[in-house]
Amino acid sequence: AELIRPFFTSLGTFRSNTAKSNYLNGIQYYTPGWRPNEEQILEDSRVYRNYHHGHFVHSNTNLSFVGGLVADNLGAFQYFGNDMIRFDGINIIGYSAEYDNVLKETESRWWCTHPEFEVVGLEFQMDRLEPTRRENSMVATGLNFSGFGNTSCPGAAFKMGVT
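Described below are features of the structure shown in this document. (Residues numbered from 1 in each chain as written. Predicted model: local features only at pLDDT ≥ 70, side-chain atom pairs only at ≥ 80, totals over all residues. Heavy atoms only, no water.)

### Regarding helix α1 (residues 97–105)
Line of reasoning, step 1. Here α1 has its buried residues at Y99, D100 and L103. Looking straight down α1, one finds its buried side chains confined to an arc of 100 degrees; they lie on one side. Pointing more than 90 degrees away from the buried face of α1 are the exposed residues A97, E98 and E105.
Line of reasoning, step 2. A positive phi of about 50 degrees marks E107, the residue just after α1. (Buried < 20%, exposed > 50% of the residue type's maximum accessible area, 1.4 Å probe, protein only. Helix = DSSP H or I, 4+ residues; strand = E, 2+ residues; numbered from the N terminus. Arc of directions from axis to C-beta.)

Below is the structure:
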């Protein structure tokens, strides 16, 4: 057991998994983070209707999110303090019309009245895990954003900030 270091372990295949209706985050990559030596591909995940974020990504390196769906979360991706992370071909839906109607009917949209909360697709912070690295901190290609701004909650498909 002393030789096993999950912190640097390669995953192998992570494909077609679902994280739905979890209390806080759908999938959390944090504490202490994940730093495999080679790229790990998390492919075709379905992450939806979680209370806070679909994916909480902090203090990681060499991860790629490819394909799949992230929908109906307060935030699709919370991203900060990472390096060499790739997002490719993901459908990111703020709030679908169906889910917005459910929230209205059940009066479950309390956060819409608080200015510090908003529905966000990809929230990207500028800090890096290893500031001296020359590789790209983050690459995002082929993302399809929808369901932002057409609901009763404020939001943005992409939000860039500084921690």
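### Some remarks on the packing of aromatic side chains
Line of reasoning, step 1. Under the defined criterion, the tally for this structure stands at 12 aromatic pairs.
Line of reasoning, step 2. Ring geometry for F65 against F77: centres 5.5 Å apart, planes inclined by 70 degrees, an arrangement best described as edge-to-face. Of the two residues, F65 sits in strand β7 (residues 61–66) while F77 sits in strand β9 (residues 75–80), which places them 12 residues apart along the sequence.
Line of reasoning, step 3. Here F65 falls in the buried class, since its relative accessible area comes to 3%.
Line of reasoning, step 4. Judged by its relative accessible area of 2%, F77 is buried. (Phe/Tyr/Trp six-rings, centres within 6.5 Å; stacked < 30°, edge-to-face > 60°.)

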